[in-house]
Amino acid sequence: MSEVEIGAGKRGRRAYAFDDIAVVPSRRTRDPRDVSVQWSIDAFTFASPILSAPMDSVSSPATVIQMGKLGILGVLDLEGLWTRYEDPTPYYDEIKSLTDGNVTKRMQEIYSEPIKPELITARLAEIRAAGVPVAGSLSPQRTQEFSKTVVDAGVDLFVIRGTTVSAEHVSQNEEPLNLKKFIYELDVPVIVGGASTYTSALHLMRTGAAGVLVGFGGGAASTTRAALGIHAPMATAVADVAGARRDYLDESGGRYVHVIADGGLDTAGDIVKAIAVGADAVMLGTALARATEAPGGGFHWGAEAHHPELPRGRRVEVGTIAPLENVLNGPTPTHDGRANLVGALRRSMATTGYSDAKEFQRVEVVVAPYHQ
């Protein structure tokens, strides 16, 4: 990829966000009813290639169950309010009512309550009893401490999610997580990330991960770019990681690792573009936080918003637009791609002539910066 000169002593690679690219129709179109948007990972098949972000404003046990029944994978944050408090409802109400001036400090206090292993077990058991796939998420820092509890509770898919996750974490202060050994010893498929470059993703694939999350500081509730100066434009990041998947497929003799775009996905058009540049599935936060059933009640925040030392996120008001079923499958009350996400993906694939997501990854894409 071409480099540009930033100054006499520094050059940089040009990278693209989803807003910088567009999908181009081909010579063929299809009936949307003939298009499949199914997604399979390991032994599990979902009606749509969507996972919920493990964020308290998006995923509660009740919404995870509802998501499973609607054909997507709900992922519960196992370091969130639901595993810290027997009844987190008062804390949800308080977070929603806080003023901008004191929200970060108060959220740090609320989330300082210790995580309780028995609540991890209880929440996952509740989801399992509903008959839907069970997925829970821990940060790399908490994985060694609570992973046995999670696996013993009967999780189907295990997610290790952080702002960035590397296959080789170096620390002089504590024994780091040996990701390759950890994944090898687990009996369940592991999705791990975020990663944002070809090299970091390739190393994560070599650990045995079933899927790699792609993204770094691009979500609506993230302030990582302002706090740390780090940001990965998503179109380029997903395409780079898809390139690593292709090369790892050859290197491993046919082992396929799923690429999951995670961050900067606000509309159906973003989902379309993520798959067009190589994603197998997408992890959604803001888009699902707008559902009327979302526990955030029109507000959205992630774990970065209450970090005890260096918060790199914020609570944002996203509003509510429709029930979860309409957000996913329509009909939509909006005209701007915020609802009927699956229907829009299906129609875009049909308009460009592709019958499934794997084929759609070959669609023509152009660089076309768009300024609304």
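Within an unreviewed UniProt entry, the label attached to the protein chain reads GuaB3 family IMP dehydrogenase-related protein, and the organism entered is Curtobacterium citreum. Within the UniProt record for the protein chain, the comment given under Sequence similarities (unreviewed entry) is "Belongs to the IMPDH/GMPR family."

S.K.: Just give me the short version of the overall build of the protein chain, but keep the residues and values in it.
M.R.: Tallying secondary structure elements over the protein chain gives 14 helices and 16 strands in all. Radius of gyration (C-alpha) of the protein chain: 20 Å, near the 21 Å computed for a compact globule of 372 residues. With the C-alpha coordinates aligned to their principal axes, the bounding extent of the protein chain is approximately 55 × 50 × 45 Å. Looking at the protein chain as a whole, 52% of its 372 residues qualify as buried. Counted over contacts in the protein chain with a minimum sequence separation of 6, partners at least 24 positions apart contribute 66%. When the accessible surface of the protein chain is totalled, it reaches about 16700 Å², and 48% of it is carbon and sulfur.

S.K.: Go over the side chain of threonine 63 with me, naming the residues and quoting the values.
M.R.: As for its position among the elements, threonine 63 is in helix H1 (residues 61-69). On the basis of relative accessible area, threonine 63 is assigned to the buried category, the value being 5%. Only 2.7 Å separates the side chain of threonine 63 from the backbone nitrogen of serine 60, close enough to count as a polar contact. Those residues within four positions of threonine 63 in sequence are excluded, and the remaining contacts are Val58, Glu293, Ala294 and Pro295.

S.K.: Mind laying out the packing of aromatic side chains, listing which residues take part and the relevant values?
M.R.: Enumeration over the complete set of coordinates arrives at 6 aromatic pairs. Plain terms: the ring middles of tryptophan 39 and phenylalanine 46 are 5.6 Å apart, the flat faces sit at 25 degrees to each other, and that makes the pair stacked. You can call phenylalanine 46 buried: its relative accessible area is 4%. Each ring, one from tryptophan 82 and one from tyrosine 92, has its centre 6.1 Å from the other, and the planes form 50 degrees; the classification is tilted. Taken together, the positions of tryptophan 82 in the loop between strand E7 (76-77) and helix H2 (89-97) and tyrosine 92 in helix H2 put the pair 10 residues apart, joining distant regions of the chain. The same class applies to tryptophan 82 and to tyrosine 92, which are both buried. Ring-pair connections join several aromatic residues into one group, and the members of that group are Trp82, Tyr92 and Trp301.

S.K.: I'd love a proper account of the confidence of the model for the protein chain, names of residues and values included.
M.R.: For the protein chain, per-residue confidence averages 92 on the pLDDT scale, and residues scoring 70 or more make up 94% of the total. Confidence drops under pLDDT 50 across residues 169-173; counting only partners more than four residues distant or on other chains, this segment forms 1 contact.

S.K.: Give me the pairing of strand E1 (residues 3-7): which residues, what numbers.
M.R.: Here E1 runs beside strand E2 (residues 10-13); their pairing, made up of 4 bridges, is antiparallel. Residue pairing for E2: glutamate 3 is matched across the bridge by arginine 13. From the end of E1 to the start of E2, which pair antiparallel, there are 2 residues.

S.K.: Can you tell me about the sheet that holds strand E6 (residues 50-52), naming the residues and giving the values?
M.R.: Strand order across the open sheet formed by 8 strands is E6-E13-E12-E11-E10-E9-E8-E7, with parallel pairing between neighbours. Each end of this open sheet is capped by a strand with a single partner; those strands are E6 and E7. Across 4 bridges, strand E8 (residues 135-138) lies against strand E9 (residues 157-161) in parallel orientation. The residue of E9 that forms the bridge with leucine 138 is isoleucine 160.

S.K.: Which residues make up the packing of helix H7 (residues 198-205) against helix H9 (residues 234-251), and what values do they have?
M.R.: The contact between H7 and H9 brings their axes to 8 Å, and the two run at 40 degrees. By the angle class used here, H7 and H9 are oblique. In this structure, H7 crosses over H9, and the sense of that crossing is right-handed. Together, Tyr198, Ala201, Leu202 and Met205 of H7 and Asp240, Val241, Gly243, Ala244, Arg245, Asp247, Tyr248 and Glu251 of H9 make up the contact between the two elements.

S.K.: Describe in detail the environment of valine 366, supporting the description with residues and values.
M.R.: By the secondary structure assignment, valine 366 is in strand E16 (residues 365-367). Remark: the alpha-carbon pair of valine 366 and valine 214, spanning 152 residues in sequence, is separated by 21 Å. In this view, valine 366 contacts Asp20, Ile21, Ala22 and Val24; residues no more than four positions away in its chain are not counted.

S.K.: Go over H7, please, and point to the residues and values.
M.R.: All buried positions along H7 are accounted for by Ala201, Leu202, Leu204 and Met205. Seen from one end, H7 has its buried residues packed into an arc of 160 degrees, which puts them on one side.

S.K.: Break down a nonpolar patch on the surface for me, with residues and values.
M.R.: Together, Leu228, Ile230 and Leu310 line one region of the surface with nonpolar side chains, adding up to about 230 Å² of accessible area. Within the secondary structure, leucine 310 is located in the loop between strand E14 (299-300) and strand E15 (316-317).

S.K.: Please set out the pairing of strand E10 (residues 190-195) residue by residue, giving values where relevant.
M.R.: Buried residues dominate E10, accounting for 6 of its 6 residues. For E9 and E10, the ladder comprises 4 bridges, and the chain directions are parallel. Bridge assignment links arginine 161 to a residue of E10, and that residue is glycine 193. The sheet contact formed by E10 and strand E11 (residues 211-214) spans 4 bridges and is parallel. Bridge pairing in E11 links glycine 193 to leucine 213. Note that the unit made of E10, H7 and E11 has a crossover that is right-handed.

Criteria and cut-off values
Residues numbered from 1 in each chain as written. Predicted model: local features only at pLDDT ≥ 70, side-chain atom pairs only at ≥ 80, totals over all residues. Heavy atoms only, no water. UniProt positions renumbered as here; feature names shortened; annotations may be inferred. Helix = DSSP H or I, 4+ residues; strand = E, 2+ residues; numbered from the N terminus. Rg over C-alpha atoms; globule rule 2.2 N^0.38 Å. Buried < 20%, exposed > 50% of the residue type's maximum accessible area, 1.4 Å probe, protein only. Contact = heavy atoms within 4.5 Å. Areas by Shrake-Rupley, 256 points an atom, 1.4 Å probe, with all protein chains shown as cover. Polar contact = N/O pair within 3.5 Å; in protein donor to acceptor, adjacent residues only side chain to side chain. Phe/Tyr/Trp six-rings, centres within 6.5 Å; stacked < 30°, edge-to-face > 60°. pLDDT = per-residue confidence, 0-100. Pairing = 2+ DSSP bridges. Axes fitted to C-alpha atoms, helices over the stretch in contact; angles between N-to-C directions. Parallel < 35°, antiparallel > 145°, perpendicular 65-115°, else oblique. Left-handed = near helix turned anticlockwise from the far one by under 90°. Arc of directions from axis to C-beta. Patch = residues over 30% accessible without salt bridge, like charges linked within 9 Å, V, L, I, M, F, W, Y side chains within 5 Å. Salt bridge = Lys/Arg side-chain N within 4 Å of Asp/Glu carboxyl O. Right-handed = clockwise from strand over helix to strand, strands pointing away.

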